[in-house]
Amino acid sequence: MYKAIIFDVDGTLSETEEIHRRAFNGAFETRDLSWHWDRILYRDLLRVTGGKERIRHFMQAHDRELPTVTNVGDWVAELHRIKTSFYTQMIESDMAVLRPGIRDFIHAAKIKGIRLAIATTTSVPNVEALLASAFGRDSQDIFEVICAGDCVPTKKPAPDIYLRALELLGLDPSDCIAIEDSRNGLLSAFLAGIDTLVTPSIYTDDQSFDEAVLIAGNLSDLTPQSIFDTVNETLSALG
Ligand code: XBP
Ligand code: MG
């Protein structure tokens, strides 16, 4: 019997990557950078997880000239702080909605006493803003453990964030199911030894999910129990 479900955030709880993209572009404008991440480019850039890491990758891969700065790390961190501020403002103005089925699914899990956690690459203020916007006053009582952003040194697809969530839950990988939307997220959970359901999102629907135990368009017609049953049946059929 599974005891907990560990959720990714971006692309899984909500299609927030589009809001992240706009926030990055907003931050670039404040620094008078000629950079603009359109949807096609952003789909490709999403292969690098973490906003700061994505900016640095863009600078290297696209050979972008930098304004004269003494410390690139500090400069990127400041640019990313501005991006986070744009992002949280957009979330606070209700720009994000939960993906279909998420609210009922979480409600059903709570009723059944299934423990809930978050393992995400995005920064803590972004998670808090999304949960407050989506769940209001109840937001702090839903997820028992929230592992986010720089709380581990190495981001997805490394397993670190899931291993940290397991440690804080005090559970083994076999006690949990992960719900993810991306290949990087799936690999992170898989490498931590957690059976994973993938619900592809608008930016990840072209990725491969071979390591997933289950793939679903969304959580609309699923309950925690139906997922546990299907995962168990799939794993037994695989022997
Ligand atoms: C999400 C991300 C994040 C966001 C940006 O990946 O990669 O980096 O795009 O967030 P996942 P920050 O859903 O696999 O966790 O800018 O706050 O890093
Ligand atoms: Mg994701």
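Our structure's up above, just so we're on the same page.
Residues numbered from 1 in each chain as written. Chains lettered and ligands numbered in written order. Predicted model: local features only at pLDDT ≥ 70, side-chain atom pairs only at ≥ 80, totals over all residues. Heavy atoms only, no water.

### Remarks on the coordination of the magnesium ion (ligand 2)
In step 1: Protein coordination at the magnesium ion (ligand 2): the donors are Asp-8 (OD), Asp-10 (O) and Asp-181 (OD), at 2.1 to 2.2 Å from the metal.
In step 2: Considered as a linear motif, the donors of the magnesium ion (ligand 2) on their single chain read D-x1-D-x170-D. The same class applies to Asp-8 as to Asp-10, namely buried. (Donors = N, O, S within 2.8 Å, 3.2 Å for Na, K, Ca; no water. Buried < 20%, exposed > 50% of the residue type's maximum accessible area, 1.4 Å probe, protein only.)

### Notes on helix 1 (residues 17-30)
In step 1: The end-to-end C-alpha distance of helix 1 is 20 Å, a good match for the 20 Å that 14 residues give at a rise of 1.5 Å each.
In step 2: Buried residues dominate helix 1, accounting for 11 of its 14 residues.
In step 3: Inspection of helix 1 places Glu-17, Glu-18, Ile-19, His-20, Arg-21, Ala-23, Phe-24, Asn-25, Gly-26, Ala-27 and Phe-28 among the buried residues, and these make up the whole buried set.
In step 4: Among the structural elements, helix 2 (39-45), helix 3 (51-61), helix 4 (72-92) and helix 6 (124-135) are those in contact with the buried residues of helix 1.
In step 5: Two residues or fewer after helix 1 comes Asp-32, characterised by a positive phi angle close to 55 degrees. (Helix = DSSP H or I, 4+ residues; strand = E, 2+ residues; numbered from the N terminus. Expected span 1.5 Å × (residues − 1). Contact = heavy atoms within 4.5 Å.)

### Section: the pattern of salt bridges
In step 1: For the structure shown, the criterion picks out 19 salt bridges.
In step 2: Between Asp-206 and Arg-47 there is a salt bridge, with the nearest N and O atoms lying 3.7 Å from each other. Remark: Arg-47 occurs in the loop between helix 2 and helix 3 and Asp-206 occurs in the loop between strand 5 (195-198) and strand 6 (214-215); sequence separation between them is 159 residues.
In step 3: Look at the salt bridges and you will find they share partners, linking Arg-43, Asp-44, Arg-47, Asp-205 and Asp-206 into a network. (Salt bridge = Lys/Arg side-chain N within 4 Å of Asp/Glu carboxyl O.)

### As for the site of ligand 1
In step 1: Neighbouring ligand 1 are 19 residues; Gly-51, Arg-54, His-80, Lys-83 and Ser-123 lie closest to it.
In step 2: With respect to ligand 1, the side chain of Arg-54 contributes an N or O atom lying 2.6 Å from an oxygen atom.
In step 3: In the environment of ligand 1, an oxygen atom lies 2.8 Å from a nitrogen or oxygen atom belonging to the backbone of Thr-121.
In step 4: Among the elements of the structure, helix 1, helix 3 and helix 4 are those that each provide at least two residues to the shell around ligand 1.
In step 5: Considering every element that reaches the shell around ligand 1, the biggest residue donor is helix 1, with 3 residues. (Near = heavy atom within 4 Å. Polar contact = N/O pair within 3.5 Å; in protein donor to acceptor, adjacent residues only side chain to side chain.)

### Observations concerning the nonpolar core
In step 1: Ranked by internal contacts, the top residues of the largest apolar core, which has 38 residues, are Phe-7, Leu-13, Ile-106, Phe-143, Ile-179 and Ile-227.
In step 2: Elements with a contribution of two residues or more to this core: strand 1 (4-7), helix 1, helix 4, helix 5 (102-111), strand 2 (115-120), helix 6, strand 4 (176-180) and helix 9 (224-238).
In step 3: Of the residues forming this core, the biggest block, 6 residues, is contributed by helix 6.
In step 4: The residues touching Phe-7, leaving out its near neighbours within four places in the chain, are Thr-12, Leu-13, Ile-102, Phe-105, Ile-106, Leu-116, Ala-117, Ile-118, Ala-119, Phe-143, Ile-179 and Leu-219. (Core = buried A, V, L, I, M, F, W, Y, C linked by side-chain atoms within 4.5 Å.)

### Considering the pairing of strand 3 (residues 145-148)
In step 1: Summarising the sheet, strand 2 and strand 3 pair through 4 bridges and their orientation is parallel. If you follow Ala-119 over to strand 3, its bridge partner there is Cys-147.
In step 2: The parallel pair strand 2 and strand 3 is bridged by helix 6, and the resulting crossover is right-handed. (Pairing = 2+ DSSP bridges. Right-handed = clockwise from strand over helix to strand, strands pointing away.)

### Some details on the sheet that holds strand 5
In step 1: Read from one edge to the other, the open sheet built from 6 strands follows the order 3-2-1-4-5-6, with strand pairing classed as parallel. The strands lining the two open edges of the sheet, one partner per strand, are strand 3 and strand 6.
In step 2: When strand 1 meets strand 4, the two strands line up parallel, connected through 4 bridges. Within strand 4, the residue paired with Ala-4 across the bridge is Cys-176.

### Section: the packing of aromatic side chains
In step 1: In the structure shown here, the tally under the stated rule is 13 aromatic pairs.
In step 2: For the pair Phe-7 and Phe-143, a centre-to-centre distance of 6.0 Å together with 80 degrees between the ring planes defines the contact as edge-to-face. Linking Phe-7 in strand 1 with Phe-143 in the loop between helix 6 and strand 3, this pair joins segments that are 136 residues apart in sequence.
In step 3: Measuring from ring centre to ring centre gives 5.3 Å for Trp-37 and Phe-58, while their planes differ by 65 degrees; the resulting arrangement is edge-to-face. With a gap of 21 residues between them, Trp-37 in the loop between helix 1 and helix 2 and Phe-58 in helix 3 connect regions that are remote in the sequence. Each member of the pair, Trp-37 together with Phe-58, is buried.
In step 4: An aromatic cluster of at least three residues, connected via ring pairs, comprises Phe-24, Phe-28, Trp-35, Trp-37, Tyr-42, Phe-58, Trp-75 and Tyr-203.
In step 5: Here the guanidinium or amino end of Lys-83 rests over the ring plane of Phe-24, the centre of that ring lying 4.5 Å away.
In step 6: One residue, Lys-83, lies across the ring of Tyr-87, its end atom 5.3 Å from the ring centre. (Phe/Tyr/Trp six-rings, centres within 6.5 Å; stacked < 30°, edge-to-face > 60°. Lys NZ or Arg CZ within 6 Å of the ring centre and 35° of its normal.)

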